[in-house]
Amino acid sequence: MTIETKTKYGSISISNEAIADVVSDAVLSCYGVVGIAKRNSLRETIIEIAKKGNFSQGIFVSQDKRNVTIDLYVVIAYDVKITEVLLEVQKRVKYIVSKTFNLSIKKINVFAHSLKKVN
């Protein structure tokens with residue numbers, strides 16, 4: 001699905017995949033986030049983190065007109081305060097998506113899928 005925007009120069013279509021790509025960059029730059037996980041089993045999560053690259057399976061974007069809802073499944077580093085990391089992910093994603101696409105964010109749901117020990 002896409003979001004259509006009209007400007008004085010023409011129309012712009014923003015796909016959910018484009019939003020998911022920007023969201024994945026924002027999430028992975030947050031302190032305490034090890035990776036983005038599928039929302040399936042833990043074993044598949046470990047395999048998916050090892051691959052690193054196909055993050056669209058852990059980011060779900062839905063919209064109604066110009067309001068966007070984003071669901072994220074992240075893997076958090078062991079020995080960090082989980083609530084602070086999740087709050088920072090929410091803030092960063094909202095800021096980046098709002099600035100990049102000029103969209104209003106209805107809701108950002110961040111789920112701590114699992115913990116991973118980082119050396």
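Here the structure is shown first, and the text comes after it.
Report follows, based on the coordinates. (Residues numbered from 1 in each chain as written. Predicted model: local features only at pLDDT ≥ 70, side-chain atom pairs only at ≥ 80, totals over all residues. Heavy atoms only, no water.)

### Regarding the packing of helix α1 (residues 16-28) against helix α3 (residues 82-101)
Okay, so step 1: The interhelical angle for the contact between α1 and α3, taken along N-to-C directions, is 135°, at an axis separation of 9 Å. Taken together, the axes of α1 and α3 lie oblique to each other. Of the two possible hands of crossing, α1 and α3 adopt the one that is right-handed. Across the interface between the two elements, Ala18, Ile19, Val22, Val23, Ala26 and Val27 of α1 pack against Val89, Arg92, Val93, Ile96, Val97, Thr100 and Phe101 of α3.
Okay, so step 2: For the contact of α1 with α3, the per-class residue count stands at eleven nonpolar, one polar and one charged. (Axes fitted to C-alpha atoms, helices over the stretch in contact; angles between N-to-C directions. Helix = DSSP H or I, 4+ residues; strand = E, 2+ residues; numbered from the N terminus. Parallel < 35°, antiparallel > 145°, perpendicular 65-115°, else oblique. Left-handed = near helix turned anticlockwise from the far one by under 90°. Contact = heavy atoms within 4.5 Å. Nonpolar A, V, L, I, M, F, W, Y, C, P; charged D, E, K, R; others polar.)

### With respect to unusual backbone geometry
Okay, so step 1: Even without being a glycine, aspartate 79 presents a positive backbone phi close to 75°.
Okay, so step 2: Positionally, aspartate 79 belongs in the loop between β5 (67-77) and α3.
Okay, so step 3: At asparagine 102, a position not held by glycine, the phi torsion is positive, near 55°.
Okay, so step 4: Exposure remark for asparagine 102: the relative accessible area of 60% places this residue in the exposed category. (Buried < 20%, exposed > 50% of the residue type's maximum accessible area, 1.4 Å probe, protein only.)

### Considering the packing of aromatic side chains
Okay, so step 1: Within this structure, the stated rule accounts for two aromatic pairs.
Okay, so step 2: Here the aromatic rings of tyrosine 73 and phenylalanine 111 are separated by 4.8 Å at their centres, their planes lie at 15°, and the arrangement is stacked. In this pair, tyrosine 73 sits in strand β5 while phenylalanine 111 sits in strand β6 (residues 104-116), placing the two residues 38 residues apart along the sequence.
Okay, so step 3: We classify tyrosine 73 as buried; its relative accessible area is 13%.
Okay, so step 4: Clustering of aromatic rings is evident, with ring pairs tying together Phe60, Tyr73 and Phe111. (Phe/Tyr/Trp six-rings, centres within 6.5 Å; stacked < 30°, edge-to-face > 60°.)

### Details of α1
Okay, so step 1: Look at α1: 18 Å from first C-alpha to last across 13 residues, which is about the 18 Å you get at 1.5 Å a residue.
Okay, so step 2: For α1, the set of buried residues is Asn16, Ile19, Ala20, Val22, Val23, Ser24, Ala26 and Val27.
Okay, so step 3: In this structure, the buried residues of α1 make contact with β1 (2-7), β2 (10-15), β3 (33-36), β4 (59-64), β5 and α3. (Expected span 1.5 Å × (residues − 1).)

Taken by themselves, the reported measurements are silent on function.
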